[in-house]
Amino acid sequence: MKEYKTEKEFLDSYNKNDFDLLSVTADILVLSVSSYESDNYRKTDEKHMSVLLVKRDDYPFKNKWCFPGGFVGYDEDLDKAPARILKNETNLSDIYLEQLYTYGDPKRDPRMRIISTAYMALIDKNRLDCKLNESASWFDVKILDDGKIVDVFLNNGETEIKVKIEKILRDKTTDRYDFKVIENKDLAFDHAKVLLSGIERLRNKVNYTDIVFNMMPEYFTLGELQSVYEVILNKKLLDPAFRRIIEPKVQKTDKMRTGEGHRPSVLFKYKK
C-alpha cells in the first residue's frame, strides 16, 4: 500500500471510481391513532391505529403501496430530507419525526444498491388542516400476533393489504427480533418489516417517554388518552393503574366536554 506524506496528497490521488456506487433514501412511516364515532352515545369514540401510504405510479412496484420516501440529495443533510420528502409526497409538514432504523439488504430495491434510513412520524390525523396528495391514503392497521407469526391487515375502505411476517428472536436479553416476510403482495420494498419495527419501537417508547402526546389533540379526556395507549400497546389497561402512571404527565384544565349524550368530562392537556 502506498504511503502518503500529507492528506492533500492522498485526496489528490483518491479515485472515487474505485468504489461501487450506492444511493441513500429516506422512508417515512407516518402513524396516527384516530377516532371513529361510536354507535353507542354512552361510549367513547372507537380508536384505531392508521398508517399513511402512497400508491406508486412508476416501476419498480408500480401500483403497489409504500411509505412516503425518496432519494437523499448529494448535498442534503440526511435528517433534513424526510421533511422535504414528506411535503412533496403527501403535503404534510411540521410534524414530529424521529429516526427509526437503517435498512441495507442488498436486494431490498431491484434498481440498484440502495440503503434506506427509515423515520417515524406521529400525528393526530383528525387535526390535519391540509389536503393530502391524491396518491396518499390512510390505512387502518390491525395486527394479530401469536408470538411467532404476525398477521398485518391494512384497509383504507377500498383496498385491503395482507402481510404475514415471522418473528425471529435476535437477542433474548434485549427482546429484539428480526422479521422475515412470509406473505406480501401489495406493500412495496421492505416496508412490511419497517411497519412492524416502527410499531414495536412506538410500543416500547410509550412506556418510558411522552412520545404519545404527539398523537393527541391539545385537549383530551383521560379516557381518550387511555384509549390511545391501549391501541398502541394492543391491550386493555386497568383504569386506576393507568391514571396513577399518567398523572405526572398531564395537567387538568377548566375546560369541559359536554353534549351528544355524554356525561360532562374534564379536559386535560400535556404538561410540558
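Residues numbered from 1 in each chain as written. Predicted model: local features only at pLDDT ≥ 70, side-chain atom pairs only at ≥ 80, totals over all residues. Heavy atoms only, no water.

Colleague: Quick one: what's the story with the nonpolar core, residue by residue and with numbers?
Modeller: With 48 residues, the main nonpolar core has Leu31, Val51, Leu154, Leu202 and Leu225 as its most contacted residues. Not counting residues within four places of it along the chain, the set of residues in contact with valine 51 comprises Leu29, Val30, Leu31, Phe67, Ser137, Trp138, Phe139, Val141, Leu154 and Leu195. If you look at the next biggest cluster of nonpolar residues, it comprises 16 residues, including Leu52, Leu86, Leu92 and Ala121. (Core = buried A, V, L, I, M, F, W, Y, C linked by side-chain atoms within 4.5 Å. Buried < 20%, exposed > 50% of the residue type's maximum accessible area, 1.4 Å probe, protein only. Contact = heavy atoms within 4.5 Å.)

Colleague: Give a description of the pattern of salt bridges that names residues and reports values.
Modeller: Any two side chains of opposite charge can pair, so long as their charged atoms come close to each other. This structure, assessed with the given rule, holds 15 salt bridges. As a salt-bridge pair, aspartate 190 and arginine 108 come within 2.9 Å of each other at their nearest N and O atoms. Of this pair, aspartate 190 sits in the loop between strand E10 (176-184) and helix H3 (191-205) while arginine 108 is found in the loop between strand E5 (96-103) and strand E6 (114-123), placing the two residues 82 residues apart along the sequence. For the pair aspartate 190 and arginine 108, one class covers both residues: buried. Across the pair glutamate 230 and lysine 236 runs a salt bridge whose closest N-O atoms are separated by 3.4 Å. Here the salt bridges do not stand alone but share partners, grouping Asp27, Arg108 and Asp190 into one network. (Salt bridge = Lys/Arg side-chain N within 4 Å of Asp/Glu carboxyl O. Helix = DSSP H or I, 4+ residues; strand = E, 2+ residues; numbered from the N terminus.)

Colleague: Tell me about the packing of helix H4 (residues 222-233) against helix H5 (residues 239-246), and name the residues and values.
Modeller: For the pair H4 and H5, interaxial distance at closest approach is 11 Å and the crossing angle is 100°. In terms of axis orientation, H4 runs roughly perpendicular to H5. Facing Leu222, Gly223, Leu225, Gln226 and Tyr229 of H4, the residues of H5 in contact are Asp239, Phe242, Arg243 and Ile246. In terms of residue class, the contact of H4 with H5 is built from five nonpolar, two polar and two charged. (Axes fitted to C-alpha atoms, helices over the stretch in contact; angles between N-to-C directions. Parallel < 35°, antiparallel > 145°, perpendicular 65-115°, else oblique. Nonpolar A, V, L, I, M, F, W, Y, C, P; charged D, E, K, R; others polar.)

Colleague: Provide a residue-level description of the confidence of the model for the protein, including the pertinent values.
Modeller: In the predicted model, the protein carries a mean pLDDT of 88, and 92% of its residues have values of at least 70. Mean pLDDT across the secondary structure elements of the protein bottoms out at helix H1 (residues 7-13), with 78, and peaks at strand E3 (residues 65-66), with 96. (pLDDT = per-residue confidence, 0-100.)

Colleague: Mind laying out the environment of tyrosine 59, listing which residues take part and the relevant values?
Modeller: Considering the arrangement of structural elements, one finds tyrosine 59 in the loop between strand E2 (46-55) and E3. Judged by its relative accessible area of 62%, tyrosine 59 is exposed. Linking tyrosine 59 and asparagine 207, residues 148 residues apart in sequence, is a C-alpha distance of 40 Å.

Colleague: Give a detailed account of the side chain of lysine 167, specifying residues and quantitative values.
Modeller: Among the secondary structure elements, lysine 167 is positioned in strand E9 (residues 160-171). Residue classification places lysine 167 among the buried residues on the basis of a relative accessible area of 12%. Lysine 167 has contacts with Asp145, Gly147, Lys148, Val150, Tyr177, Asp178, Phe179 and Glu200, leaving out every residue within four places of it along the chain.

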